[in-house]
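Now for the letters of each chain:
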Amino acid sequence: MKHAEKSPQGEDKPKSRKRRRFHFFDYLWWTGEKLSPLATHVDGGFVIWMFTVMPFILPIAALATQFGLSVTLLLILISAVSFVPMFIISGLYPKQRRTAVMRYYSKQTFERFPATMLCLLPFLLLLIEAALITDFRHKSQIGNSRPEISTLPVNKALLESMHEDSQSPVVIRGLRLLGNHPDLKRLGIPKEVAVIDSASGIHEFQVELLNKYPENEIFAGKHRFLQVTWSTGHPDTLLTIWYEIRSSGLNAADSCRYDAATEF
């Protein structure tokens, strides 16, 4: 008959206990609980919430407004970001965990001033984020003060009716160069932008270009122009400037100031 074997000591081995690990958020909890008698509405959960949620509220709001989110949806998003973590924190810190944390840090000396400075750190992060976001938006506004092709009122129907090559890389590049041209900053957004080249032909309105550029070279595709028309400060007066599209940039070829009622 076989007997059950015992350990050499004749005793059963004790069950191994799972060792608890404590981290920075546990220290935040302990700090908040120590501050709770000294500050109203401050406890361990609130301090953890400040560190895990507050630094993200401002960037989320900035991104939401950047993508055109409505005020209602923005408030719902911020509320979700603010309140959902509270329930998560409550679930992560049941009574047993809270008791273990307080017991673990019981030997620590609590100092009110460093603890207060620690709790103010999220507010400092908010101020830094606000300054960075404000600076970024300011630089973006400066950068956007020169309109690009996407903001120019290019008459696409006119370009397409003139010739199929209106969306060629050369023409698109000319329009982008116009977006950074000093005349655009000086005269504002143009009323109309058109392309003049071999496909569009030279009409009476553009005939002055032939005084500077040989007709055969224009029709050979050696010269392409942007015809840009602005409304001036005078009533019913328009200004048209022709720019040659070159590899080095736009070169003003000719200009004409005329009455808006003039027919060419």
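Everything discussed here concerns the structure shown above.
Description of the structure in this document. Remember, it's a predicted structure, so these values are computed and weren't measured experimentally.

Looking now at helix α3 (residues 54–66). When the terminal C-alpha atoms of α3 are compared, their 19 Å separation across 13 residues agrees well with the 18 Å that a helix rising 1.5 Å per residue should span. Taken residue by residue, α3 has M54, P55, I57, A61, A62 and A64 as its buried positions. Phi turns positive one or two residues past the end of α3, at G68, with a value near 75°.

Okay, the pairing of strand β1 (residues 192–196) next. Of all 5 residues making up β1, 4 are buried, and the element is well covered by its neighbours. Relative to strand β2 (residues 225–231), β1 runs antiparallel, the two being bridged by 5 bridges. Bridge pairing links I196 to F225 in β2.

Looking now at helix α2 (residues 44–52). In terms of residue burial, α2 counts as a mostly covered element, since 7 of its 9 residues are buried. Among the residues of α2, those classed as buried are G44, G45, V47, I48, W49, M50 and F51. Of the residues flanking the start of α2, the one acting as N-cap is D43, its side-chain oxygen 3.4 Å from the backbone nitrogen of G45.

The next point concerns the packing of helix α1 (residues 24–35) against α2. Contact geometry of α1 with α2 gives a least axis separation of 6 Å together with a crossing angle of 130°. With respect to α2, the axis of α1 lies oblique. As for how α1 packs across α2, the hand of that crossing is right-handed. Mapping the contact onto sequence places F24, F25, L28, W29, G32 and E33 in α1 and G44, G45, V47, I48, F51 and T52 in α2. Across the contact of α1 with α2, the residue classes break down as 7 nonpolar, 4 polar and 1 charged.

This paragraph deals with the sheet that holds β2. Sheets are built from strands that pair by backbone hydrogen bonding, the pairs being arranged parallel or antiparallel. Read from one edge of the open sheet, 4 strands run β1-β2-β3-β4, paired in antiparallel fashion. Of all the strands in the sheet, just β1 and β4 (249–259) have a single pairing partner and so form its edges. Shown here is a sheet whose adjacent strand axes are inclined to one another by a mean of 20°, direction ignored.

Here we come to the pairing of β2. In terms of burial, β2 is a largely internal element, 6 of the 7 residues being buried. As defined by bridge partners, β2 adjoins strand β3 (residues 237–246) across 7 bridges and the pair is classed as antiparallel. The residue bridging V228 from the neighbouring strand is I241, located in β3.

Next up on the list: the pattern of salt bridges. Enumeration according to the criterion identifies 4 salt bridges in this entry. Residue R186 pairs with D183 through a salt bridge whose shortest N-O separation is 3.0 Å. You can see R186 and its partner D183 sitting in helix α9 (residues 182–187), 3 residues apart, about one turn around the helix. A residue is classified by how much of its surface remains accessible, and R186, at 57% relative accessible area, is exposed. Using a relative accessible area of 12% as the deciding quantity, one classes D183 as buried. Between R224 and D197 there is a salt bridge; the shortest N-O distance is 3.7 Å. In this pair, R224 is assigned in the loop between α10 (215–219) and β2 and D197 in the loop between β1 and α10, connecting sequence segments 27 residues apart. We classify D197 as buried; its relative accessible area is 2%.

What counts as what
- Residues numbered from 1 in each chain as written.
- Predicted model: local features only at pLDDT ≥ 70, side-chain atom pairs only at ≥ 80, totals over all residues.
- Heavy atoms only, no water.
- Helix = DSSP H or I, 4+ residues; strand = E, 2+ residues; numbered from the N terminus.
- Expected span 1.5 Å × (residues − 1).
- Buried < 20%, exposed > 50% of the residue type's maximum accessible area, 1.4 Å probe, protein only.
- Pairing = 2+ DSSP bridges.
- Polar contact = N/O pair within 3.5 Å; in protein donor to acceptor, adjacent residues only side chain to side chain.
- Axes fitted to C-alpha atoms, helices over the stretch in contact; angles between N-to-C directions.
- Parallel < 35°, antiparallel > 145°, perpendicular 65-115°, else oblique.
- Left-handed = near helix turned anticlockwise from the far one by under 90°.
- Contact = heavy atoms within 4.5 Å.
- Nonpolar A, V, L, I, M, F, W, Y, C, P; charged D, E, K, R; others polar.
- Salt bridge = Lys/Arg side-chain N within 4 Å of Asp/Glu carboxyl O.

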